[in-house]
Amino acid sequence: MSTQQPFVTGPASLRVQSVLYGNDKESIDRALENMAGAIQLAQRAGAITTAEIALGDCSSAPLFTASEIDAREQSLREQGLTRLEYRFFDANLGSAAGHNRLSSTAQADLLLIQNPDIVAAPNLLVELIAPLRLPRVGQVEARQLPVEHPKTYDVNTGDTPWATTACSLIPRAVMEQLGGFDHETFFLYCDDVDFSWRARLAGYRVVFQPSAAAVHDKRLTPQGERMVGAAEEYYSAEAALMLAHKYSRPDMVKRVQRQLEHGGSDTQKRALQTFLKRQAEKRLPGPIDAAHRVAQFTDGYYAKHRW
Amino acid sequence: MTPIVYRKPPRNSGPAHALELIQQLGGAAGVLLDVGAGLSSVVERVTALGLRYLAIAADASSCAALRAQGVECAQADFSDARQLRECAGGDSIAAVSLIGVLDQLSEDSEVLSSLRTLCAGAAIPLVVDANNALSSERLLSLIAGTGGQRAARYSASALDTIMSESGWREAARSDQDSNPDGEAHRRSVVLSTHSLLNQFFRKIHQGAEESANVSRFVRAYLPAQRKSTSLPAEAARPFLSIVMRTQGRRPGTLRDVLLALAAQSCDDFEVVLLPHKVDAAQWTAIEEIVAEQPEPLRERIRLVRVEHGGRTTPLNVGFAESRGEYISILDDDDMVFCHWVETFRKGAAVAAGTLLRAVAVEQEIESREWSNGVAGYRTMSGFKKTFPADYDLYAHLTQNVSPPVCLAFPAAFFHELGQRFDEALNTCEDWDYEMRCALTCGVTALREYTAIYRKWKTGASSYTVHPLEEWQENDRRIVSRLNGQPHLFPAGTVDVLRRQQAWIRALEQQNAELQAQLHGGAPAQRPPVPPPGTDRPVRYDVADEINRVMKRLPAVHPLLKASLRKLTR
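A quick note: this is a predicted structure, and the numbers were derived from the prediction, not measured.

A few points about the overall build of chain B
Per the secondary structure count, chain B includes 22 helices and 17 strands. Within chain B, the proportion of its 569 residues that are buried is 37%. Taking all contacts inside chain B whose residues are at least 6 apart in sequence as the whole, residues at least 24 apart take part in 77%.

This is the structure in structure tokens:
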């Protein structure tokens with residue numbers, strides 16, 4: 001499809017998909033309930049036609065039984081949901097592979113990729129869909145609450161260097177054109193950075209939509225700092241090396257490597273070892289964006305931050 | 001019929017107040033039917049009003065005794081309106097009095113109902129009196145164990161209830177105030193109005209009980225419709241009532257804060273949303289935002305429109321509407337984390353009745369219209385730790401560092417102790433209320449970051465709407481009131497004051513030595529005096545050095561920076 005044609009010209013079908021890992025039912029139910037409200041409002045506004053929710057469970061044991069899913073689907077149908085799909089993967093695939101597997105069976109026009117505990121504002125879908133009526137827009141990102149992402153965006157157009165998939169709306173055609181997320185390279189973090197950069201390389205705009213809000217349950221430590229779990233510490237260190245390599249920045253690979261070697265935690269040093277091992281085994285992705293058209297490495301981030 | 005139990009009333013029970021009301025409402029002719037003969041000692045003063053005095057006694061011996069004193073008296077069953085009417089003979093009844101009787105009756109409602117039957121046709125006034133069961137004097141005497149209390153069955157609200165249920169509406173009152181004087185008051189630290197204990201009790205009690213200073217209610221009533229004041233079966237109370245003011249100008253932040261409530265990990269709350277002085281379009285927009293909310297949240301939101309008053313008025317309205325055990329103020333531009341309610345509930349589970357204080361970070365925002373035309377905003381900064389994680393009561397006496405969003409007030413402070421927001425304040429109203437609550441209930445510091453206090457860089461806020469002089473004047477008003485009252489301070493206060501006094505003395509001495517050095521005296525040798533309770537660990541100096549180095553290395557990966565910070569924490 002030409003990037004000049006808008007992906008949305010009338011009511012579109014929607015698939016919302018999330019990858020679960022060790023979540024509790026209560027938070028999933030809260031997310032489903034609020035998403036159903038957003039679906040209902042979007043249908044009333046004529047923004048969407050059918051809407052389904054797909055959950056892929058990477059936990060060690062299934063979170064839901066079939067009858068529990070049936071009960072939820074029955075209840076949510078009253079609010080306009082067409083289908084609630086639940087797949088137990090029986091393996092921890094990671095977010096990138098999990099979403100790829102879920103989207104492989106998708107038929108909907110639009111895919112809302114989001115964390116499983118995202119609580120949607122009632123007008124989330126209406127607001128996320130609006131920019132897709134403009135040419136070249138290939139990904140629209142929601143504003144997260146209560147901790148807003150600090151990366152920069154154009155206050156007039158919403159253009160942003162990359163979009164988090166904590167809550168992002170992507171036309172299925174774009175997902176298919178890009179071959180989904182690069183799950184071979186990214187297990188848990190930066191798969192979204194990579195996806196956005198590839199979308200931009202393909203000529204699409206990536207847009208941040210401040211009027212589309214969603215709560216992502218992040219909290220602060222007793223010291224008032226952002227909580228960083230062990231998984232984030234490991235996988236974001238690994239992803240930092242992978243991104244630098246994939247986007248043709250060997251200088252940055254060396255710099256991050258040095259920093260991790262000299263000041264990294266044990267967890268981060270393990271991530272470095274994994275990268276070096278893959279490098280030795282020639283299992284790293286082929287570098288792209290040699291002209292550095294989209295990739296940014298700024299103060300250890302992947303976009304200029306507003307604070 | 002259930003027999004009426006009636007004992008003779010004490011004599012001289014404040015007849016002047018009753019006579020004042022009889023004169024006011026009873027007219028200048030006819031008979032005063034004095035049920036129970038409470039005014040028999042002032043017959044001459046009744047007749048001086050132009051009224052015929054007729055005492056009604058419940059038993060023959062009382063009747064005979066009164067007649068022996070030359071008082072005109074008839075015997076009747078107080079709960080029989082027909083008998084009472086017959087006592088008056090053919091004279092018109094100007095007024096009925098029931099003085100010194102109510103506190104003695106076991107079947108008061110039957111008597112009041114029969115009197116209403118007697119009085120209803122001609123709108124005859126009824127003057128009653130009753131001792132105040134909840135006067136400060138009475139309660140203090142009970143605490144002091146001084147005894148000698150007269151019977152008292154009614155508080156102000158209980159008297160209102162029985163009168164309205166019996167078909168009377170209040171027409172006038174001439175309540176008798178307490179007179180806290182006398183030998184017992186000079187001997188007792190509880191009763192003496194000069195003691196701190198007495199003053200503190202009175203301060204609290206006067207907030208809780210409007211009639212705390214009334215020793216005896218003396219009131220006139222006219223017949224009216226009977227009112228049923230029985231309370232409906234109480235619905236389950238939520239843990240937290242969230243009082244949210246909005247002027248309808250910030251639909252963007254209002255949507256956001258409602259979304260944050262939809263995402264709470266604990267849903268044991270209700271929302272009292274108070275649009276204040278909004279126009280029709282703003283009201284409609286607010287209604288639409290509420291209607292869009294998911295049902296579980298929408299059902300817990302009550303819209304209460306407030307058309308009067310200043311910035312503080314909706315708080316009193318909202319608190320009055322609140323049904324929760326605790327009440328929090330959440331403005332329409334605040335933001336909360338998902339465990340905001342849960343944290344308060346955990347705090348209340350271990351320290352019920354205290355003011356709960358979690359921690360907020362500050363974040364700057366500026367107004368900006370979103371692409372959908374809605375008045376939205378743009379976040380301009382990360383989180384700033386402006387507000388200390390620990391609660392320091394004494395520091396709060398000079399400056400408020402606890403925005404309302406991080407506080408939960410025990411509802412009883414408003415509903416039982418009668419503490420209201422000062423509506424004369426258009427700024428600092430939260431600080432005033434917080435300090436009064438802290439100095440009465442104590443504070444439980446929860447030390448958990450649960451909220452974001454938004455500071456507007458551009459756009460209207462209380463900082464831009466109210467001039468500096470108004471802030472300063474309000475500050476003076478609050479401090480002056482606090483300073484004029486006795487307070488409770490928590491355990492540990494003595495140590496705090498002692499440390500501060502010692503510090504002041506040390507600083508004064510250091511200052512004297514520096515002055516001496518400046519003017520040619522001996523040089524000061526001692527190191528600077530650290531402030532009390534702030535001994536600085538060596539690792540802080542190490543952390544400062546590391547931070548200085550890292551600032552010079554902007555390209556250092558943030559994860560590495562975070563790791564270094566952990567080492568120095």
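Moving on, there is more to tell.
As for the pairing of strand β16 (residues 407–410) of chain B
Residue and element names in this part refer to chain B. Every second residue of β16 is oriented toward a common face, with Leu407 and Phe409 on one face and Ala408 and Pro410 on the other, all of them buried. In this structure, strand β12 (residues 326–329) lies alongside β16, joined through two bridges in antiparallel fashion. Bridged to Tyr326 within β16 is Pro410. Note that strand β14 (residues 355–369) and β16 share two bridges and pair antiparallel. Of the residues in β16, the one forming a bridge with Arg357 is Leu407.

So, the confidence of the model for chain B
All names here are of chain B. Looking at chain B, the pLDDT average stands at 89 and 87% of residues meet or exceed 70. Overall, residues 1–12 carries pLDDT values under 50, and its contacts beyond four positions in sequence, including any with other chains, amount to 25 contacts. ipTM for the predicted complex: 0.97, alongside a pTM of 0.87.

Thoughts on unusual backbone geometry
All names here are of chain A. Of note, the bond from Leu145 into Pro146 is cis; its omega dihedral lies within 30 degrees of zero at -5°. Summarising the element assignment, Pro146 is placed in the loop between β6 (137–145) and β7 (167–171). Even without glycine at this site, Arg136 takes up a positive phi of about 75°. Of note, Arg136 is situated in the loop between α4 (124–129) and β6. By C-beta crowding, Arg136 is classed as partly exposed, having 14 other C-beta atoms within 10 Å. The backbone phi angle of Asp299 is positive, close to 50°, even though this residue is not glycine. Tracing the backbone through its elements, the reader meets Asp299 in the segment after α9 (266–280).

Notes on the interface of chain A and chain B
With 42 residues of chain A in contact, the opposing surface of chain B contributes 42 residues. Of all the secondary-structure elements, those providing two or more residues to the side of chain A that touches chain B are α1 (25–44), β8 (205–215), α7 (230–246) and α8 (250–263) of chain A. At five residues, α1 of chain A tops the list of elements feeding residues into the side of chain A that touches chain B.

As for the environment of Leu84 of chain B
Residues and elements named next belong to chain B. Along the chain, the position of Leu84 falls in helix α4 (residues 81–87). Judged by the 24 C-beta atoms lying within 10 Å of it, Leu84 is buried. Taking the C-alpha atoms as reference, Leu84 lies 24 Å from Glu20; in sequence the two are 64 residues apart. Not counting the four nearest positions on each side in its chain, Leu84 is found in contact with Leu33, Ile56, Ala76, Ser114 and Leu118.

With respect to the domain arrangement of chain A
All names here are of chain A. Domain assignment breaks chain A into domain 1 (12–215) and domain 2 (222–307). Put simply, the middle of domain 1 and the middle of domain 2, counted by C-alpha atoms, are 25 Å apart. Residue-level contacts link 19 residues of domain 1 with 22 residues of domain 2.

Description of the nonpolar core
In this structure, Leu124, Leu125 and Ala214 of chain A together with Leu259 and Ala451 of chain B are the most contacted members of the largest nonpolar core, which totals 161 residues. When near neighbours in sequence (up to four residues on either side) are disregarded, Leu125 of chain A contacts Leu14, Ala38, Ile39, Ala42, Ala47 and Ile48 of chain A. One finds Ala37, Ala88, Val214 and Val218 of chain B within the second-largest nonpolar core, a separate group that totals 54 residues.

Some remarks on the sheet that holds β8 of chain A
An order of β3-β2-β1-β4-β7-β6-β8-β5 (chain A) is seen for the eight strands of this open sheet, with the pairing classed as mixed. With partners counted over all chains shown, the strands left at the sheet margins are β3 (83–88) and β5 (119–120) of chain A, one partner each.

As for the pairing of strand β4 (residues 93–98) of chain B
Residues and elements named next belong to chain B. The buried fraction of β4 is high, at six of six residues. In the sheet, strand β1 (residues 31–35) pairs with β4 via four bridges, with the strands oriented parallel. Note on β4: the bridge partner recorded for Asp34 is Ser97. Across three bridges, β4 lies against strand β5 (residues 126–131) in parallel orientation. Bridging across to β5, Val96 finds its partner in Leu126.

Observations regarding the packing of helix α6 (residues 136–144) of chain B against helix α9 (residues 196–208) of chain B
Residue and element names in this part refer to chain B. For the pair α6 and α9, the least separation of the axes is 11 Å and the interaxial angle reads 135°. Between α6 and α9, the angle is such that the two are oblique. In this structure, the crossing between α6 and α9 has a hand that is right-handed. Every residue of α9 that contacts α6 at Ser136, Leu139 and Leu140 is listed here: Asn198, Phe201, Arg202 and His205. Among the residues making up the contact of α6 with α9, the classes are represented as three nonpolar, three polar and one charged.

Scoring rules and cut-offs
- Residues numbered from 1 in each chain as written.
- Chains lettered and ligands numbered in written order.
- Predicted model: local features only at pLDDT ≥ 70, side-chain atom pairs only at ≥ 80, totals over all residues.
- Helix = DSSP H or I, 4+ residues; strand = E, 2+ residues; numbered from the N terminus.
- Buried ≥ 20, exposed ≤ 12 C-beta atoms within 10 Å, placed from the backbone.
- Contact = placed C-beta atoms within 7 Å.
- Pairing = 2+ DSSP bridges.
- pLDDT = per-residue confidence, 0-100.
- Domains from an automatic or database assignment.
- Core = buried A, V, L, I, M, F, W, Y, C linked by C-beta atoms within 7 Å.
- Axes fitted to C-alpha atoms, helices over the stretch in contact; angles between N-to-C directions.
- Parallel < 35°, antiparallel > 145°, perpendicular 65-115°, else oblique.
- Left-handed = near helix turned anticlockwise from the far one by under 90°.
- Nonpolar A, V, L, I, M, F, W, Y, C, P; charged D, E, K, R; others polar.

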